[in-house]
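Structure assessment
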Amino acid sequence: MKIRWTRQSLRLRPTSEELARVAAHGVITEELAPGVWRVSLRAASEAGLTVDAGALDITLSPAHIVALREDADGSACFSGSDAIQVTVEVDLPCAHPQK
């Protein structure tokens, strides 16, 4: 999962395989170093963002997951804690030929 952030926004780009794991009630996690910084993406009854001591826990609602899986160009956007804008987009395979 790719992660990008600014002062007031967070953008996650899981692959379609990672999103399938989330849809199956799994979780995907990226960690900078053990105990330093962690981002988790999981399914829940509603979308949200929880921040706790260097750990970000982002939840997607069932409607967000369906929309992301059905529309490859779609995104799920919502406001999390502290007015942080959260965007989740499916990371598509590169269309450019590899050299």
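The present account deals with the structure reproduced in this document. (Residues numbered from 1 in each chain as written. Predicted model: local features only at pLDDT ≥ 70, side-chain atom pairs only at ≥ 80, totals over all residues. Heavy atoms only, no water.)

Thoughts on the pattern of salt bridges
The condition that has to hold: By definition here, a salt bridge exists when the distance from a side-chain nitrogen of Lys or Arg to a carboxyl oxygen of Asp or Glu is within 4 Å. Runs of E in the DSSP output that reach at least two residues are strands. Runs of H or I that reach at least four are helices, and both are numbered from the N terminus. Only protein chains enter the accessibility calculation, which uses a 1.4 Å probe; a residue whose area is less than 20% of its type maximum is buried, one above 50% is exposed, and one in between is partly exposed.
Scanning all chains against the criterion turns up five salt bridges. Here Lys2 ties to Asp91 by a salt bridge, and the two come within 3.4 Å at their closest N and O atoms. Within this pair, whereas Lys2 is found in strand 1 (residues 2–5), its partner Asp91 is found in the segment after strand 8 (85–89), the two being separated by 89 residues in sequence. Given the relative accessible area of 13%, Asp91 is considered buried. Among the salt bridges present, the one from Asp57 reaches Arg42, with a minimum N-O distance of 2.9 Å. Of this pair, Asp57 sits in strand 6 (residues 55–60) while Arg42 sits in strand 4 (residues 37–43); the two residues are 15 residues apart in sequence, bridging distant segments of the chain.

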